[in-house]
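So you can see what is in the structure, the chains are spelled out below.
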Amino acid sequence: MKTTCPYCGVGCGVSVTPQGDEQAQVAGDLQHPANFGRLCVKGAALGETLKKDGRLLYPQVNQQRVSMDAALEATANGLREIIEQHGPQAVAFYGSGQLLTEDYYVANKLMKGFIGAANIDTNSRLCMASAVVGYKRAFGADAVPCCYEDFERADVVILVGSNAAWAHPVAYQRLVKAKQQRPEMQVIVIDPRRTATCDLADLHLALRPGSDSVLFAGLLNWLVENNGVDTRMLAHLADVEPALLAAREWDLARVAAHCDLEPEQVTAFWQLFTSSQRVLTLWCMGVNQSVSGSDNNNAIINAHLLSGKVGLPGSGPFSLTGQPNAMGGREVGGLANQLAAHMNFNDADCDRLQRFWQSPTIARQPGLTAVKLFDAIERGDVKAVWIMGTNPAVSMPEGNRIAQALAKCPLVIVSDVLAQTDTSAFADILLPALGWGEKNGTVTNSERRISRQRAFAAAPGDAKPDWWLLAQVAQRLGFAAAFGWTHPAQIFREHAALSGFENHGQRAFDISGLAQLSDDGWDKLRPIQWPVNAQHPDGCARLFSDRRFFHPDGKARLLPFAETKTVTVNRDYPLLMNTGRVRDQWHTMTRTGAVPRLMQHCDEPFVALHPQDAIAYGLPAGTLARVQSVHGWITARVTHDSGLRRGELFVPMHWNRQFSQQSNVDMLVAALCCPASGQPALKQTAVRIQPL
Ligand code: SF4
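How each quantity is defined
- Residues numbered from 1 in each chain as written.
- Predicted model: local features only at pLDDT ≥ 70, side-chain atom pairs only at ≥ 80, totals over all residues.
- Heavy atoms only, no water.
- Axes fitted to C-alpha atoms, helices over the stretch in contact; angles between N-to-C directions.
- Helix = DSSP H or I, 4+ residues; strand = E, 2+ residues; numbered from the N terminus.
- Parallel < 35°, antiparallel > 145°, perpendicular 65-115°, else oblique.
- Left-handed = near helix turned anticlockwise from the far one by under 90°.
- Contact = heavy atoms within 4.5 Å.
- Nonpolar A, V, L, I, M, F, W, Y, C, P; charged D, E, K, R; others polar.
- Near = heavy atom within 4 Å.
- Core = buried A, V, L, I, M, F, W, Y, C linked by side-chain atoms within 4.5 Å.
- Buried < 20%, exposed > 50% of the residue type's maximum accessible area, 1.4 Å probe, protein only.
- Arc of directions from axis to C-beta.
- Pairing = 2+ DSSP bridges.
- Domains from an automatic or database assignment.
- Buried area = accessible area lost by both parts, 1.4 Å probe.
- Salt bridge = Lys/Arg side-chain N within 4 Å of Asp/Glu carboxyl O.
- Polar contact = N/O pair within 3.5 Å; in protein donor to acceptor, adjacent residues only side chain to side chain.
- Phe/Tyr/Trp six-rings, centres within 6.5 Å; stacked < 30°, edge-to-face > 60°.
- Lys NZ or Arg CZ within 6 Å of the ring centre and 35° of its normal.

A. Highlighting the packing of helix α10 (residues 252-259) against helix α11 (residues 263-275). Across the interface, α10 lies against α11 with an axial gap of 9 Å and an inter-helix angle of 110°. What the angle tells us is that α10 and α11 run roughly perpendicular. When the axes of α10 and α11 are compared, the crossing they make is right-handed. In contact with Leu252, Val255 and Ala256 of α10, α11 contributes Pro263, Val266, Thr267 and Trp270. Partitioned by chemical class, the residues of the contact of α10 with α11 number 6 nonpolar, 1 polar and no charged.

B. Structural view of the site of the ligand. The ligand sits among Cys5, Tyr7, Cys8, Gly11, Cys12, Leu39, Cys40, Lys42, Gly43, Pro169 and Val170. Secondary structure elements with two or more residues in the shell around the ligand: α1 (41-44) and α7 (169-181).

C. Layout of the side chain of Arg581. Here Arg581 is to be found in the loop between β21 (575-580) and α22 (596-599). If sequence neighbours within four positions are ignored, Arg581 has contacts with Trp166, Ala167, Gly322, Trp586, His587, Phe650, Met653 and His654.

D. The arrangement of the nonpolar core in detail. With 170 residues, the main nonpolar core has Leu215, Phe269 and Leu305 as its most contacted residues. If near-sequence neighbours (up to four positions away) are discounted, Leu215 is found in contact with Ile190, Leu205, Leu207, Val255, Cys259, Leu261, Val266, Phe269 and Trp270.

E. Representation of unusual backbone geometry. In this model, Trp530 is joined to Pro531 through a cis peptide bond whose omega is 5°. Mapped onto the fold, Pro531 is located in the loop between β19 (528-529) and β20 (556-557). The phi dihedral of Glu398 falls on the positive side, at around 50°, and the residue is not glycine. As for its position among the elements, Glu398 is in the loop between α17 (392-395) and α18 (399-408).

F. Molecular detail of helix α9 (residues 240-247). Every buried residue of α9 is accounted for by Val240, Ala243, Leu244, Ala246 and Ala247. Within α9, the buried residues cover an arc of 160° as seen down the axis, which keeps them to one side. Residues of α9 that are exposed and angled more than 90 degrees away from the buried face: Glu241 and Leu245.

G. Molecular detail of the sheet that holds strand β26 (residues 685-691). Spatial strand order, β21-β25-β22-β24-β23-β26: 6 strands in a closed barrel with mixed pairing. Ignoring which end each strand starts from, the neighbouring axes of this sheet average 45° apart. Where β21 meets strand β25 (residues 648-652), 5 bridges bridge the pair, whose relative direction is parallel. Paired with Thr579 across the bridge in β25 is Val651.

H. Molecular detail of helix α19 (residues 466-476). Along α19, 9 of the 11 residues are buried, which leaves the element largely enclosed by surrounding structure. By the burial criterion, the buried members of α19 are Asp466, Trp467, Leu469, Leu470, Ala471, Gln472, Val473, Ala474 and Arg476. Gly478 sits one or two residues past α19 and shows a positive phi near 100°.

I. Representation of the domain arrangement of the chain. Along its sequence, the chain is organised into domain 1 (2-49), domain 2 (60-126 + 328-497), domain 3 (129-320) and domain 4 (575-669). In this structure, domain 1 and domain 3 have C-alpha centres spaced 31 Å apart. Each side of the interface is counted separately: domain 1 has 12 residues, and domain 3 has 10 residues. Note on domain 1 versus domain 3: buried area summed over both sides is about 870 Å², and carbon and sulfur give 61% of it. When the area that domain 1 buries against domain 3 is broken down by residue, the three leading residues are Val10, Arg38 and Cys40, summing to 56%. The interface formed by domain 1 and domain 3 holds 0 salt bridges in total. Inspection of the region where domain 1 meets domain 3 yields 3 residue pairs in polar contact (both at pLDDT 80 or more).

J. Focus on the pattern of salt bridges. In total, this model carries 39 salt bridges according to the counting rule given. As a salt-bridge pair, Arg557 and Asp239 come within 3.7 Å of each other at their nearest N and O atoms. In this pair, Arg557 sits in strand β20 while Asp239 sits in the loop between β11 (237-238) and α9, placing the two residues 318 residues apart along the sequence. The exposure class of Asp239 is partly exposed, given its relative accessible area of 43%. Asp584 is the partner of Arg583 in a salt bridge, and the nearest nitrogen-oxygen pair spans 2.7 Å. Overall, the relative accessible area of 33% leaves Arg583 in the partly exposed class.

K. Fine view of the pairing of strand β23 (residues 624-629). As paired elements, β23 and strand β24 (residues 632-640) share 6 bridges and run antiparallel to each other. Paired with Arg626 across the bridge in β24 is Thr635. For β23 and β26, the ladder comprises 4 bridges, and the chain directions are antiparallel. By the bridge assignment, Arg626 is partnered in β26 with Gln690.

L. Quick look at the packing of aromatic side chains. Enumeration according to the criterion identifies 23 aromatic pairs in this entry. Pairing Phe544 with Phe549 gives two aromatic rings, centres 4.7 Å apart and planes at 35°, and the pair type is tilted. One exposure class covers both Phe544 and Phe549, and it is buried. Each residue in the set Tyr135, Phe139, Trp283, Phe544, Phe549 and Phe550 is aromatic and connected to the rest through ring pairs, giving one cluster. For Lys109, the ring lying beneath its charged end belongs to Phe483, and the centroid distance is 5.2 Å. If you follow Arg448 out to its NZ or CZ, it ends over the ring of Trp530, 5.8 Å from the centre.

M. Main features of the packing of helix α4 (residues 129-139) against helix α13 (residues 293-306). It is at 8 Å that the axes of α4 and α13 come closest, and there the two elements cross at 40°. Of the possible angle classes, the one that applies to α4 and α13 is oblique. As for how α4 packs across α13, the hand of that crossing is right-handed. Contacts between α4 and α13 pair Ser130, Ala131, Val133, Gly134, Tyr135, Arg137, Ala138 and Phe139 from the former with Gly293, Ser294, Asp295, Asn297, Asn298, Ile301 and Leu305 from the latter. Here the contact of α4 with α13 is composed, by residue class, of 7 nonpolar, 6 polar and 2 charged.

Here is the structure:
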């Protein structure tokens, strides 16, 4: 049986040989174009995550086991009462990049087309919302132009704010192999920390946290002054002059001082970018999880556009998605500020979507993005929330405030695979959902490749697919005709048909070529990159090779650089804390934390600091420290890391309260967001540290 890994956005193909219902042999799928047989340690341990210990097997209402019918009735009645009393804006859904595209599609249709609000957001907001804004502003569409094959075609690969060696290991292994085969390929890592990814780097720029956009704004100016502009590209660009004017402020000396780099380091980077035609820039959370996340994205994309390094083999601005189906969520409108099939909140798109769905209503204004959604719950404006497959009590900034908000919320519905999470503790209604290996659907990876997740294990207890739970509730709310699916392939066909509905080449996301798949054809669907339509019946590896973009005039836009205030330290909180992943864990450890061999690499939360800072603060390695921000404190084991800049700490993001009562780092992080994307700045928090 072939399926897809449920962890990161690399989207590796997995071959599974079931061994009973609770075990399976797992190997990399040799034919899958994302990994060609490779798996990282997390993927290789997937067979050990199938045990039923700790699973939520049966529905509960007010902590009492009930029948599925009773739980669905309670869910529908609870939502209906609140909508009738307080209006549709009083209810919300909060989903996850773990949901399959079919699940996401149904949730979005129910909320936006039938309840009539747009309050559906997702933990993908924490991951790549800034990249969505960056691409839409530049290209007129949320469209990643590149593909993994570009790793083998690039002359220069730049990784910005990405520890791919640990966060996207198979993609990183592919880069390692490419470099072994072509040692002349140059790799530049731009990251405040010296991470495992730097092992591959010819050049590491350990810049000041939050200064990425300045580095790329300076590059834009350098391109102009050093013959780096692709003059043929200018005909395909708009808003060039304001961007160049803003960049002119950032000469080499000013950039180097701002980024805390040597001028020679900056020049080496800019020269490599300028002199090489095939340049691929990969970025991840270090760019996106910032108060200037969207501007960081556009600063990178600007440089690629002006130099014509886009749409060509080995060239382009390539955002790596963190989650297995963050991209699928983007396709179906799983974010509060967009509609299905990449449509927007304008009258034409709203009318078009309502026509297609034949729905009684349609949301016409964007809904609440993640941080604002939980703020609204705390204020009492949102009175019912359905949380699907995610653990916001751990993963959201100011985690303690999220817990308080959920405790106050009159109706909390949680559908999940696990009985006990930090979030399910607040549930009035618990709905058991199917997990990886049990559910059937599609996911889309970082390179726009749609792959199948296939079921090979029996559903445990009363657990059901998320799309089925949502459709059953929709039927009980009176929308039976629009939610009558009996198989996920029917949902996929509807989603594919919508992508082509009155599209006329105006929207990048178009998989209308898959709208006629039979159930069997959907089941056997081979990994394919969108768009899939009459023009690209076999999918499309790279976008924009014709230099036609999705703004109405067909031109891409440069965005003028605007300096943003970043998080700064102060006398009370003199250190800057960065958060990120460790190699063998995933998100809040609800799955990987249950696999003993994945705990061997790192078995407890830690705080890393530079050895000289450790001396200054009296913190020998192996001792316990208390790390405190204005929002709370945690304890963690001290490790020393000379790859950190002085005055900066690193703490992993994973540990939930089930593992360690006082080590959930997101309790410390302020809920500051990029104003354009609503993505929280999880990477930078002012803290202090002391021995415990
Ligand atoms: Fe899974 Fe990502 Fe590892 Fe591939 S790289 S096996 S998708 S966790």
